[in-house]
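# Coordinates in review
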Amino acid sequence: MSKNNDELFKNVISHAKEYGFVFQSSEIYDGLSAVYDYGQNGSELKNNIKTYWWKSMVQMHENIVGIDAAIFMHPTTWKASGHVDGFNDPMIDNKDSKKRYRADQLLEDKIARYEKDGKTAKAAELQQAMDEALKSDNLTALRDLILEHEIACPVSGTRNWTDVRQFNLMFSTQIGAIAEESDKIYLRPETAQGIFVNYLNVQKTGRMKIPFGIAQIGKAFRNEVIARQFIMRMREFEQMELQFFVRPGTEMEWYDYWKQTRLKWHKALGTNPEKYRFHDHTKLAHYANAAVDIEFEFPFGFKEVEGIHSRGDFDLSQHQKFSGKKLQYFDPEINQNYVPYVIETSIGLDRMFLLTLINCFEEEDLSEGDKKDSRTVLRLHPCLAPVKAAIFPLTKKDGLPEKAREIMNRLKLDHNVVYEEKDAIGKRYRRQDAIGTPFCITVDHQSLEDNTVTIRHRDTMAQERVAIEQLDQIIGNMVSWKNLLS
Ligand code: GAP
């Protein structure tokens with residue numbers, strides 16, 4: 001990461017804490033690694049991102065419905081999905097530092113170092129050897145590569161490594177009072193399986209006709225060996241997933257549709273389009289016939305935010321096999337029964353949250369001549385802003401607070417608004433800029449006479465005098481979901 005990017009990332013993280021967006025979980029006990037809490041502004045922003053996703057996926061598509069499945073599922077679900085046997089990371093321990101690492105991550109760091117030092121041939125050779133070892137599940141070969149390339153533990157500096165072992169990423173717990181192996185259940189590592197096991201329930205009760213989709217937003221849990229980069233890789237996180245069921249043979253058409261539709265969703269927020277790119281998977285899971293990531297350029301490089309996969313009939317067929325229940329669809333148009341194929345779109349809500357914060361964070365220099373001034377502003381899309389308007393009485397007396405509260409009580413029926421009377425107006429503006437509030441409304445003595453206020457716009461800092469009656473319309477227009485959905 002370059003010095004500027006490193007600084008930007010650090011500033012975003014401290015800003016997120018200082019302004020009530022994200023806190024370390026159980027911070028008073030020194031925190032819990034890779035687990036975070038969303039504060040008063042963070043939870044509003046997160047909810048707004050969810051609303052944007054839900055509206056555009058469910059409300060805007062007649063053939064998509066949403067569900068909310070439980071986090072706990074029958075343990076056979078995870079046998080059928082392949083997670084019990086295959087949802088592993090190869091891990092290695094250093095015997096001196098007792099630190100645990102992902103073997104592939106150690107090798108990837110080495111590849112990055114070779115590239116940085118201009119040893120591109122060596123980097124390519126190691127990449128190929130690592131890919132082959134991973135593909136064939138050859139754990140001995142992975143360890144040999146770590147030794148051959150003289151990779152030392154960053155903590156102890158030694159090369160005293162254990163064997164490489166597979167480490168399942170699912171958290172398990174016990175259901176019921178008696179702890180027996182048969183009572184073992186898992187915290188879901190993805191929300192997708194809650195959709196697959198409900199495929200028939202939704203299809204039948206909703207009389208859904210193919211092609212149709214089931215969407216869901218919910219928590220997922222993974223015992224990540226390496227958790228880093230703030231909320232980028234967490235042990236408890238949220239996903240927004242769609243499983244779109246199609247007639248076999250039409251999947252590539254729908255795959256392309258969802259690829260374009262999802263990128264459009266991202267770009268509608270006004271993000272610089274050059275910050276996004278598609279990354280096609282060259283190595284596909286055995287059941288997938290196409291897979292692509294939507295990547296965003298974070299300060300630490302292009303990273304996956306969302307995955308789009310053409311999954312064939314893998315999941316439904318597996319659940320059919322393990323449950324013994326038919327999960328088929330009778331297609332009246334072709335007079336045939338079949339197990340539908342699936343296109344999945346899966347976006348990490350926390351990654352989208354981080355992307356949004358990074359993308360809209362600006363430290364703006366407002367100096368004029370010798371007069372130094374600056375502000376930190378979150379240029380959030382108004383639809384996503386945690387607070388839509390802040391209402392300030394110019395002073396705490398002369399009936400101005402009462403008038404300001406009157407305005408607030410009206411606006412709060414439709415919007416999340418706040419009232420502030422402490423400090424000079426300039427300071428109050430800065431506090432609202434820092435959380436991305438698009439409008440600040442100031443009530444002054446003139447307001448008592450003619451029912452007008454000044455409204456100050458976050459991005460331009462321009463102020464205009466408007467009638468109180470107009471506020472609903474001005475704010476309503478700017479924060480309307482129509483701006484993003486049409
Ligand atoms: N059902 C498909 C699935 O779960 P995935 O690529 O493992 O696919 C989808 O996850 C998305 O979930 C990723 O693109 C990422 O945004 C998010 N995600 C995955 N692991 C995560 C973690 N440990 N912390 C935060 N977000 C994560």
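Scroll up for the structure.
Remember, it's a predicted structure, so these values are computed and weren't measured experimentally.

### Things to note about the overall build of the protein
In terms of regular secondary structure, the protein is built from 17 helices and 23 strands. Overall size of the protein, expressed as C-alpha extent along the three principal axes, is 80 × 65 × 50 Å. Across the 486 residues in the protein, those meeting the buried criterion constitute 49%. Long-range contacts, defined here as pairs at least 24 residues apart, represent 65% of the contacts in the protein between residues at least 6 apart. Accessible surface, the protein: about 23900 Å² in total, of which carbon and sulfur atoms supply 48%. Taken as two groups, the 65 positive and 72 negative side-chain charges of the protein have centres that lie 2 Å from each other.

### Things to note about the side chain of Glu295
Here Glu295 shows up in strand 12 (residues 290–298). Taking relative accessible area as the criterion, Glu295 reaches 8% and is therefore assigned buried. Here Arg277 takes part through its side chain, which lies 2.8 Å from a polar atom of the side chain of Glu295. Once residues lying within four places of it in the same chain are set aside, the contact partners of Glu295 are Lys275, Tyr276, Arg277, His279, Phe302, Lys303, Glu304 and Val305.

### Here's the deal with the side chain of Asp433
Position of Asp433 relative to the elements: it lies in helix 14 (residues 425–435). Judged by its relative accessible area of 0%, Asp433 is buried. Setting aside residues no more than four positions away along its own chain, Asp433 makes contact with Arg375, Thr376, Val377, Leu378, Arg456 and Arg458.

### Here we look at the packing of aromatic side chains
Within the structure shown, the criterion is met by 21 aromatic pairs. With a centroid separation of 6.3 Å and 15° between ring planes, the pair formed by Tyr52 and Trp481 is classed as stacked. Of this pair, Tyr52 sits in helix 2 (residues 40–59) while Trp481 sits in the loop between helix 16 (471–479) and helix 17 (482–485), and the two are 429 residues apart along the sequence. Ring centres 5.1 Å apart and planes at 80° place the aromatic pair Phe296 and Phe298 in the edge-to-face group.

### Some words on the environment of Ala80
Positionally, Ala80 belongs in helix 3 (residues 76–80). With a relative accessible area of 1%, Ala80 lands in the buried category. Counting along the chain gives 380 residues from Ala80 to Thr460, while the straight-line C-alpha distance between them is 55 Å. Not counting residues within four places of it along the chain, the set of residues in contact with Ala80 comprises Phe314, Gln318, His319 and Phe322.

### Some remarks on helix 6 (residues 120–135)
Helix length check: helix 6, at 16 residues, gives a terminal C-alpha distance of 22 Å against a target of 22 Å (1.5 Å per residue), a fit within 8%. Along helix 6, the residues classified as buried are Ala123, Leu126, Met130 and Ala133. Projected down its long axis, helix 6 shows its buried positions confined to an angular sector of 95°, all on one face. Residues Thr120, Ala121, Gln128 and Lys135 are exposed on helix 6 and point more than 90 degrees away from its buried face. The inward-facing, buried residues of helix 6 contact helix 5 (103–116) and helix 7 (139–148). Immediately beyond the C-terminal end of helix 6, within one or two residues, lies Asp137, with a positive phi of roughly 55°.

### With respect to the site of the ligand
The environment of the ligand is formed by 17 residues, the closest being Glu190, Glu224, Glu241, Glu304 and Val305. At 2.8 Å, a side-chain N or O of Arg222 approaches an oxygen atom of the ligand. Residue Met232 places a main-chain N or O atom 3.4 Å away from a nitrogen atom belonging to the ligand. For the ligand, whose unbound accessible area comes to 550 Å², protein coverage reaches 90%. Those elements giving two or more residues to the shell around the ligand turn out to be strand 10 (236–246), strand 13 (301–312) and strand 16 (341–348). Of the residues that constitute the shell around the ligand, the class distribution is five nonpolar, three polar and nine charged.

Rules used in this analysis
Residues numbered from 1 in each chain as written. Predicted model: local features only at pLDDT ≥ 70, side-chain atom pairs only at ≥ 80, totals over all residues. Heavy atoms only, no water. Helix = DSSP H or I, 4+ residues; strand = E, 2+ residues; numbered from the N terminus. Buried < 20%, exposed > 50% of the residue type's maximum accessible area, 1.4 Å probe, protein only. Contact = heavy atoms within 4.5 Å. Areas by Shrake-Rupley, 256 points an atom, 1.4 Å probe, with all protein chains shown as cover. Lys, Arg positive; Asp, Glu negative; His and termini not counted. Charge placed at Lys NZ, Arg CZ, Asp CG, Glu CD. Polar contact = N/O pair within 3.5 Å; in protein donor to acceptor, adjacent residues only side chain to side chain. Phe/Tyr/Trp six-rings, centres within 6.5 Å; stacked < 30°, edge-to-face > 60°. Expected span 1.5 Å × (residues − 1). Arc of directions from axis to C-beta. Near = heavy atom within 4 Å. Nonpolar A, V, L, I, M, F, W, Y, C, P; charged D, E, K, R; others polar.

Keep in mind these values describe shape, not function.
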